[in-house]
Amino acid sequence: MQLWQERRTMYSKRKLHLATMFAFLAFSGLAWGDAIAQKAPQQSGEAFVGRATAPVTLIEYGSLTCGHCAVFQNNVYPRIKTRYIDTGKVRYIFRSLPTAPASLSVGLQVIADCAGGHRRYAIIDAFFAQQPELMEAAGQQDGALNLALTIARRAGGLSETAARACVAEQSRAQAIFDIAQAGTAQFQLDHTPTLIINGEKFEPADDSEYTVANVSAALDNAYRLATTPTTRRKKK
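Engineer: So what's going on with the overall build of the protein? Residues and values would help.
Structural biologist: In terms of regular secondary structure, the protein is built from ten helices and four strands. Its helices and strands taken in sequence order, the protein reads α-β-α-β-α-α-α-α-α-α-β-β-α-α from the N to the C terminus. Considering the protein as a whole, with its 236 residues, one finds that 48% of them fall into the buried category.

Shown next as structure tokens:
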């Protein structure tokens, strides 16, 4: 099967079976690295949204073909952004944890990463907003590439020439796989989306979905811990 053109699969389930995920990635023809890093790479140039010196860092491990990730991005994230990111309290980073169909998930992420900076996040937002159309196109004969290129151009100003050149670079897909592998090793990732708040995996009580309420409560607590002097906390 060609990149961008795979049979539609059920993608609404949040839990991942990692062996299945790795099999999809191998099937797509994009190889994983030989070594599993023990800590997720944090490059100084990693694109983020918010203030660089924000006391709280929120990392989302998600996939552009994950239905639950789209729900989070379209319904929860905008309110979190307004309340915490835009006010300088939180810095947000999106890291890819590819899900089926793997070649589509990775291909879309390569295009977003190609844009870089704030444009990367504008394209990610647009891909999530049009996820149903992209999934539908992936099941058609012509695949989803042309639609993805159009979305990236409109949302992030990424030219088709630049996007196609990035898609052709094997190293870009490999970088996504390396980050996903390292994150899985460090945080025992088994579903998308997964949120990491100041280095700790956040999972709502009774395995419920992420909501504005429970994510806000977790961020409020992290902010309090990060901005309250240690001596003051000890007195309580």
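Engineer: Provide a residue-level description of the nonpolar core, including the pertinent values.
Structural biologist: In this structure, Ile111, Phe127 and Leu219 are the most contacted members of the largest nonpolar core, which totals 64 residues. Among residues more than four places away in sequence, those in contact with leucine 219 are Val56, Leu58, Ile80, Tyr84, Val90 and Ile197.

Engineer: Run through the packing of aromatic side chains, naming residues and quoting values.
Structural biologist: Counted according to the given criterion, the structure contains six aromatic pairs. Summarising the aromatic geometry, the rings of phenylalanine 72 and tyrosine 210 are spaced 6.1 Å apart at their centres and angled 65 degrees between planes, so their arrangement reads as edge-to-face. In this pair, phenylalanine 72 is assigned in helix H2 (residues 67-85) and tyrosine 210 in the loop between strand S4 (200-202) and helix H9 (212-227), connecting sequence segments 138 residues apart. Of the two residues, phenylalanine 72 and tyrosine 210, neither departs from the other in class, the shared state being buried.

Engineer: Give a detailed account of the packing of helix H3 (residues 102-115) against helix H7 (residues 160-167), specifying residues and quantitative values.
Structural biologist: For the pair H3 and H7, interaxial distance at closest approach is 9 Å and the crossing angle is 120 degrees. Looking at the two axes, H3 sits oblique to H7. The crossing of H3 and H7 is right-handed. Of the residues in H7, those touching H3 at Val110, Ile111 and Cys114 are Ala162, Ala163, Cys166 and Val167.

Engineer: Kindly report on the state of the cysteines, identifying the contributing residues and their values.
Structural biologist: This structure, assessed with the given rule, holds one disulfide. Covalent S-S linkage joins cysteine 114 and cysteine 166, the inter-sulfur distance amounting to 2.1 Å. What sets the handedness of the cysteine 114 and cysteine 166 disulfide is the S-S torsion sign, and at about 60 degrees it is right-handed. On the criterion of sequence distance, the pair formed by cysteine 114 in helix H3 and cysteine 166 in helix H7 is long-range, its members being 52 residues apart. With respect to class, cysteine 114 is no different from cysteine 166; both count as buried.

Engineer: Give a description of the environment of cysteine 166 that names residues and reports values.
Structural biologist: A residue is classified by how much of its surface remains accessible, and cysteine 166, at 5% relative accessible area, is buried. For the pair cysteine 166 and alanine 115, spaced 51 residues apart in the sequence, the C-alpha separation amounts to 9.4 Å. For cysteine 166, the contacting residues outside a window of four places in its chain are Val110, Cys114 and Arg172.

Engineer: Run through the sheet that holds strand S1 (residues 56-62), naming residues and quoting values.
Structural biologist: With respect to topology, four strands assemble into an open sheet ordered S2-S1-S3-S4, the strand pairing being mixed. Every interior strand has two partners, whereas the edge strands, strand S2 (90-96) and S4, have only one. Between one strand axis and the next, the sheet turns by 30 degrees as a mean value, whatever way the strands run. Bridge count between S1 and strand S3 (residues 194-197): four bridges; the pairing is antiparallel. Along S3, the bridge assignment pairs glutamate 60 with leucine 195.

Engineer: Provide a residue-level description of the pairing of S1, including the pertinent values.
Structural biologist: Look at any regular strand and the pattern is simple: side chains alternate between the two faces of the sheet. For S1, a buried count of seven out of seven residues is recorded, marking the element as mostly surrounded by other parts of the structure. The side-chain alternation of S1 yields two buried faces, one formed by Val56, Leu58, Glu60 and Gly62 and the other by Thr57, Ile59 and Tyr61. Examined bridge by bridge, S1 and S2 share seven bridges and lie parallel to one another. Opposite tyrosine 61, over in S2, you have arginine 95 as the bridge partner. Remark: the S1/H2/S2 crossover connection has right-handed handedness.

Calculation notes
Residues numbered from 1 in each chain as written. Predicted model: local features only at pLDDT ≥ 70, side-chain atom pairs only at ≥ 80, totals over all residues. Heavy atoms only, no water. Helix = DSSP H or I, 4+ residues; strand = E, 2+ residues; numbered from the N terminus. Buried < 20%, exposed > 50% of the residue type's maximum accessible area, 1.4 Å probe, protein only. Core = buried A, V, L, I, M, F, W, Y, C linked by side-chain atoms within 4.5 Å. Contact = heavy atoms within 4.5 Å. Phe/Tyr/Trp six-rings, centres within 6.5 Å; stacked < 30°, edge-to-face > 60°. Axes fitted to C-alpha atoms, helices over the stretch in contact; angles between N-to-C directions. Parallel < 35°, antiparallel > 145°, perpendicular 65-115°, else oblique. Left-handed = near helix turned anticlockwise from the far one by under 90°. Disulfide = S-S within 2.5 Å. Pairing = 2+ DSSP bridges. Right-handed = clockwise from strand over helix to strand, strands pointing away.

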